[in-house]
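What follows is each chain in one-letter form.
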Amino acid sequence: MRFHVLTLFPEAFGEPMQFSIVARAVQREQVTVEVADIRDYTHDAHGTADDYQFGGGHGMVMKPEPVFEAAEAALSGYTEAERNAIPVIFLTPQGELLTQKLVEELSAAPAITLICGHYAGADERIAEGLATRQVSIGDYVLTGGELPAMILIDAVTRLLPGVVGSPESVAGDSITTGLLQHPLYTRPAEYRGLAVPDVLLSGHHAEIERWRRRKSLERTLARRPDLLQTAPLTNEDLQYLYTLGYACPEPGRREHDAQV
């Protein structure tokens, strides 16, 4: 996977790309992160990448020319067919929400181009004529698209084959399963008066899985009840949620939907 990052602040991608899973993926050449400075594609002595808004208004706006040219340079080594398969993502609070489903979709692409917005925003022609997708990491505003780009790179990288040592770890993540993950414990069995639940020490695998599933349901109901609307729930799940006060849909219909 190759990530092409277009930014006004390339130095922001130095150290964050040198740690943990992303760094190992880069070292193993499973991932390449190529960062381009948008200012290198400006055409004046001052490297001007922003300008005043037409019609007036507060804040400066990123100019279209250097962004278009930076993207064209980044993708120049691909064939036309390859370029058509590479998503060009503009990171903006106005974009669709970055979800695990979207991350899974993007992980199948041959490469990804990321445009980091800044200032009051970017010229609309970048979104209309260059980006093939606009993405937001949440309902809040940051100073720029650099951190969202890093988040997207991290999320996509860990789904690539061979990047994470245990594929089961990825498959069992919160959100990936449709629910929040159950509580996790390791040694020691007791610490500062807090003990690991007996069931996890019992060796009874069926009971352990049942406990984990129920804890996952409890945690999702308490923290992210919205996920239950689309999670693949069985009749047993729905019956347990009912005991917790969840207003369940028709059990038969939900179980049928989950199996389709």
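Conventions we followed
- Residues numbered from 1 in each chain as written.
- Predicted model: local features only at pLDDT ≥ 70, side-chain atom pairs only at ≥ 80, totals over all residues.
- Heavy atoms only, no water.
- Pairing = 2+ DSSP bridges.
- Helix = DSSP H or I, 4+ residues; strand = E, 2+ residues; numbered from the N terminus.
- Buried < 20%, exposed > 50% of the residue type's maximum accessible area, 1.4 Å probe, protein only.
- Contact = heavy atoms within 4.5 Å.
- Polar contact = N/O pair within 3.5 Å; in protein donor to acceptor, adjacent residues only side chain to side chain.
- Right-handed = clockwise from strand over helix to strand, strands pointing away.
- Core = buried A, V, L, I, M, F, W, Y, C linked by side-chain atoms within 4.5 Å.
- Expected span 1.5 Å × (residues − 1).

**A short note on the sheet that holds strand E4 (residues 61-62)**
Picture the strands of a sheet paired through backbone hydrogen bonds; they go either parallel or antiparallel. The strand order E3-E4-E7 describes an open sheet built from 3 strands, whose pairing is mixed. In this open sheet, the two edge strands, each paired with only one partner strand, are strand E3 (50-51) and strand E7 (121-122). In terms of strand pairing, E3 meets E4 through 2 bridges, oriented antiparallel. By the bridge assignment, Asp 50 is partnered in E4 with Met 62.

**Regarding the side chain of Thr 157**
Structurally, the position occupied by Thr 157 is in helix H6 (residues 146-157). A relative accessible area of 0% places Thr 157 in the buried class. When near neighbours in sequence (up to four residues on either side) are disregarded, Thr 157 contacts Phe 3, Val 22, Ala 25, Val 31 and Val 163.

**Thoughts on the side chain of His 118**
Along the chain, His 118 falls in the loop between strand E6 (111-116) and E7. Taking the relative accessible area as the measure of exposure, His 118 reaches 13% and is therefore buried. Side-chain polar atoms of His 118 contact the backbone oxygen of Thr 143, separated by 3.4 Å. Separated by 3.5 Å, the side chains of His 118 and Glu 146 make a polar contact.

**Focus on the pairing of strand E1 (residues 2-7)**
For E1, the tally of buried residues reaches 5 of 6 residues, placing the bulk of the element in the interior. Here 6 bridges tie E1 to strand E2 (residues 32-37), and the two strands are oriented parallel to one another. From the neighbouring strand, His 4 faces E2, where its bridge partner is Glu 34. Note on the crossover from E1 through helix H1 (residues 20-27) to E2: the handedness is right-handed. When E1 meets E6, the two strands line up parallel, connected through 5 bridges. Looking at E6, one finds that Leu 6 is bridged to Ile 115.

**Overview of the nonpolar core**
Counting 29 residues, the largest nonpolar core has Phe 3, Ile 89, Leu 91, Ile 112, Leu 114, Leu 152 and Val 156 as the members making the most contacts within it. Taken together, the elements giving at least two residues each to this core come down to E1, H1, strand E5 (88-97), helix H4 (100-106), E6 and H6. The leading source of residues in this core is H6, at 6 residues. Leave out the neighbours within four places in its chain, and Phe 3 touches Val 31, Thr 32, Val 33, Glu 34, Ile 112, Leu 114, Leu 152, Ile 153, Val 156 and Thr 157. Within the second largest apolar cluster, 21 residues are counted, among which are Ala 71, Phe 90, Ala 122 and Ala 131.

**Here's the deal with helix H9 (residues 205-223)**
Between its terminal C-alpha atoms H9 stretches 27 Å, which fits the 27 Å expected from 19 residues at 1.5 Å a residue. What H9 keeps buried is the set Ile 208, Trp 211, Ser 216, Leu 217 and Thr 220. In the core, the buried residues of H9 are packed alongside helix H8 (198-201) and helix H10 (235-243).

**Looking at unusual backbone geometry**
Cis peptide bonds are those with omega within 30 degrees of zero, and the linkage from Arg 187 to Pro 188 qualifies with 5°. Along the chain, the position of Pro 188 falls in the loop between helix H7 (167-171) and strand E9 (190-191). With a phi angle near 50°, Arg 192 is a residue other than glycine that sits in the positive phi range. With respect to the helices, strands and loops of the structure, Arg 192 is situated in the loop between E9 and strand E10 (194-195).

**Some points on helix H2 (residues 64-74)**
Along H2, the residues that are buried comprise Pro 64, Pro 66, Val 67, Ala 70 and Ala 71. Those residues of H2 that are buried lie in contact with E1, E4, E6 and helix H5 (124-129).

**Notes on the environment of Ala 195**
As for its position among the elements, Ala 195 is in strand E10. Taking the C-alpha atoms as reference points, Ala 195 and Tyr 185, 10 residues apart in sequence, are found 9.4 Å from one another. When sequence neighbours within four positions are dropped, the list of residues in contact with Ala 195 reads Ala 189 and Glu 190.

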